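Structure assessment
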Amino acid sequence: GSNPHHYQDSIFTSIADVHSDLKQMFDFPDAFLYGTVNSRWEIVFGSNHVFGREKEMQLLMTAVRRIESLNNDDKSNQQRPNHPPQQQRMKEVVIISGRAGTGKSLLVQEMRKPLQAQGWIFLRCKFEKKIGDPEPLSVIALGFDEFFASCISLCSNDVTAVKNAPPGTQSCCPDGCCSRNICHKLEGLIGWIGLTTLSRLMPSLRRILKDVYPSRNFNGEEGLDTNNVRGPNGEHLFVTLLDVLSQLRPVLFFTDDLQFAGDASLALLNDMVNKVGSTVGETRSSLLFVGAHRTVDTESNPLLMKMLTQYEASDVINTTQIDLRGFELESLNEMVSDALCLPRRKTRSLTEVVHQKTLGIPLFVVEFLDALLTEKLLIHNSATGWGWDVDSIDLKKISSGVAALLACKLEQLPSQVLSAVKIISVLGSHIDRGVLEVVKKYDGSDGSTLIPSLYTAQREGLLDIAGPTFTFMHETIKLAAFNLIQVADRIPMMLRIVACLLPHCKQHEKETDAYLFTTVDIINIIGSQAVSKNLGQSRVFAQLNLNAGKKSTNFRTALDYFEAGISFLQGDYWNDQYELTLSLFEAAATANYSGGRHDQVAIQTNKIFSMARSFEDKFKSYCLYINVLAIGNMEKAMEQLYHLLKSLGEDIKPNTINAPMAMVDFSSLKQMLGGARKDVLLQLPPMTDRNKLMAMKLMAMLVLYYNQQMTHLSGYFSCKMIRMSIQHGHCEDTVFALSVFACSTMNFLGDTNEAASLAKCALSMSRLYNSEQLIPRIYSRIYGGVLCFTQPMATSLPPMLKACRIA
């Protein structure tokens, strides 16, 4: 093979070559005997099966079989009379590791069709490299949304058939896994608000809900069944959703590129692994969790390393480790032989040089052969088949990474297709079709070629399209496409795309969240320096970051948005953009406090203290500062509270209040509110005096601190708060004070009946405030401190659990 384009001879070097040729002819006659395959003159990989991964596929299938075996055992046990109670089953986790391009995703995707044919549900989500922690719920929601989109296509050729089917009838999906059945099960567990919360992140679920429940309210929470919401926080909702699906049918939940998952994302995934199927009952959850990560990048994610180590050490988790490497020479030769429709003996010389250049890494192999074809180092002849010159190929250089090869491939695409791929590389790794429809005219064209061009990119193996979601097949492809945009053109292009998205971010519909987060992520790639001379644009970008942070589902992500928003503030912003600036600094301080970054809280609150215009504007920051102070010095925190109360006209000397005085105050207020007289509280107007509202908030903090010390002052201040409410009107802190006073009536006065009556009055008043934050503050006292002694204990457990989940 030293002559250019020399075709390999047909010499058999061993009986094994003869056997190999005959076997290929027998197994794949169209390719190796008749030469009638349509793709004979194209390089097509994996047309028959995945090469060189038989052992790894077997490990995956072994985990699948263990789950199926447990399901069969459960069914057999349930058919026996007086069958013993079921024990909690082992959880199944498969972790696939390897460097970029080794085929981790492809290995799992290969299982999709056979498992779905057996009735399994296949869910997948893919994390992307991004500054900060991507929205964990949004990323994971994509996998569920793809499933619900498939439900629509399976069940909804006539959606009204689903909508009008009577309860209890057989669903139109296999094994009763109809979207209608799922909705009813979920509503029973998380309530209507829980369902609509999930639908905000899953457009396909929202479509199903609107068809199944046409008369329900989707625009607000008025009139919704708030009493049935057992777990309003997003993490619990996702765990419940996965639990419901895995009880209906076995679920393979695939999370790709775990090395890019942030702390909040990993915490949510860990909850799913540990909590789904934890409840022992007649219906068992069947979940196979498969995670893939790059070996090289994992060390930079210590939380992921810790989580994987815990799985390995766990007594209740079967963990299967699969380490993918480059192909061995023989496996790679099978792959090349299949792609070129030539016997293995003929492709061996080509395979040897390809293996040397690519280390057998599948993605490198595919792109290297594609580059050979483009440069005419690999050619085909209709009479003799493919040919190549080994020496010429051996002289070809290959980059240390695959990016250069991908860039070369992308540059060979038709201009319209390349332009479309560049556009979505700006939008992210997962793009909703609705977003594409909005931005397709960003350059002034009619945009008619964008979607068709993306389907062409899918056929080229660059994209995956599932329902309304367009996803890059690999993060490296997205980065290569983005890097092909000329540096000078990037910011103008992104600004034009943002201009298309902005009108959709300003709408108040919940469906606009996807537009908001996509827009703000692009804005933050643009950066504040690029728009520093445009004060109006900078102000809009800062406001959008504030909006995105408020809608974020975890404090780390929210903080990233708030800090990005602060970076967009320009000029004399404390004077020119006062309200926006104050809101961003307050929000950033709150997110830092919730994340335990107390040094940053001090920096940001001090800035607010020095720049805010009034006591009221500083008030939220005072409260944050005092909460941080209380962690290390409770006495100092209380001194600050009394100082602030004095500024509000409430000069209180705690040293002058002894226990007998507090008991007299308890008894006096109890008598004032005795019997039906407490109904006067429910008839009070709302409190409007801003100073009194702030004083109530500060006294509520004192009640909390004194409650930890178990002193009479906790009850004393609750009495003072109730008296202030009788005089000036009620607020949320009045409800809190009533719940504390109910406990004081029980503990200090020993009047169980009156305590229960006060607790129920507090519950009635709480319904005046549609505030989830109020529930943890009052339920622990109402149910845990009073009603558990006056009614069956079992009735107090559901509301206590609800309070825990909200907290």
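In what follows, the accompanying structure is described. Just so we're clear, the structure is a prediction, and the values are computed from it rather than from any experiment.

Turning next to the packing of helix α31 (residues 634–647) against helix α34 (residues 690–709). Helices that pack against each other are described as a pair by the angle of their axes relative to one another and the distance between those axes. Taken N-terminus to C-terminus, the directions of α31 and α34 make an angle of 155°; their axes are 10 Å apart at the nearest point. Considered as vectors, α31 and α34 are oriented roughly antiparallel to each other. Considering only the axes of α31 and α34, their crossing is left-handed. Here Met634, Glu635, Met638, Leu641, Tyr642, Leu644 and Leu645 of α31 lie close against α34, whose contacting residues are Ala695, Leu698, Met699, Met701, Leu702, Tyr705, Tyr706, Gln708 and Gln709. Grouping the amino acids of the contact of α31 with α34 by side-chain chemistry returns 13 nonpolar, 2 polar and 1 charged.

This paragraph deals with the environment of Glu146. The topology assignment puts Glu146 in helix α6 (residues 136–155). Measuring from C-alpha to C-alpha, the distance between Glu146 and Thr469 comes to 7.7 Å, with 323 residues separating the pair along the chain. Excluding residues within four positions of it along the chain, Glu146 makes contact with Arg112, Arg124 and Ala466.

Applying the stated criterion across every chain yields a total of 23 salt bridges. Ionic pairing is found between Lys478 and Glu128, a salt bridge with its closest N-O pair at 3.1 Å. With Lys478 in helix α22 (residues 475–483) and Glu128 in the loop between β2 (121–126) and α6, the pair connects residues that are 350 residues apart, well separated along the chain. Its relative accessible area of 9% is what places Lys478 among the buried residues.

Time to look at unusual backbone geometry. Working note: non-glycine residues mostly have negative phi, and peptide bonds are mostly trans. Although it is not a glycine, Asp257 sits at a positive phi angle of roughly 55°. Topologically, Asp257 is positioned in the loop between β3 (251–256) and α11 (263–275). Residue classification places Asp257 among the buried residues on the basis of a relative accessible area of 4%. Phi angles above zero are rare outside glycine, and Cys341 is one such case at about 55°. When you line up the elements, Cys341 lands in the loop between α14 (329–340) and α15 (344–358). You can call Cys341 buried: its relative accessible area is 9%.

Let's shift gears to the sheet that holds β3. Strand pairing in a sheet relies on backbone hydrogen bonds, with the paired strands running either antiparallel or parallel. An order of β2-β3-β4-β1-β5 is seen for the 5 strands of this open sheet, with the pairing classed as parallel. Two strands bound the open sheet, and with one partner strand each, they are β2 and β5 (317–323). Between one strand axis and the next, the sheet turns through 15° on average, direction left out of account. Its contacts with the sheet put helix α13 (residues 302–313) on β1 (91–98), β4 (287–294) and β5, and the angle it makes with β5 is roughly 120°.

The rules behind the values
- Residues numbered from 1 in each chain as written.
- Predicted model: local features only at pLDDT ≥ 70, side-chain atom pairs only at ≥ 80, totals over all residues.
- Heavy atoms only, no water.
- Axes fitted to C-alpha atoms, helices over the stretch in contact; angles between N-to-C directions.
- Helix = DSSP H or I, 4+ residues; strand = E, 2+ residues; numbered from the N terminus.
- Parallel < 35°, antiparallel > 145°, perpendicular 65-115°, else oblique.
- Left-handed = near helix turned anticlockwise from the far one by under 90°.
- Contact = heavy atoms within 4.5 Å.
- Nonpolar A, V, L, I, M, F, W, Y, C, P; charged D, E, K, R; others polar.
- Salt bridge = Lys/Arg side-chain N within 4 Å of Asp/Glu carboxyl O.
- Buried < 20%, exposed > 50% of the residue type's maximum accessible area, 1.4 Å probe, protein only.
- Pairing = 2+ DSSP bridges.

The analysis is restricted to geometry; functional conclusions fall outside its scope.
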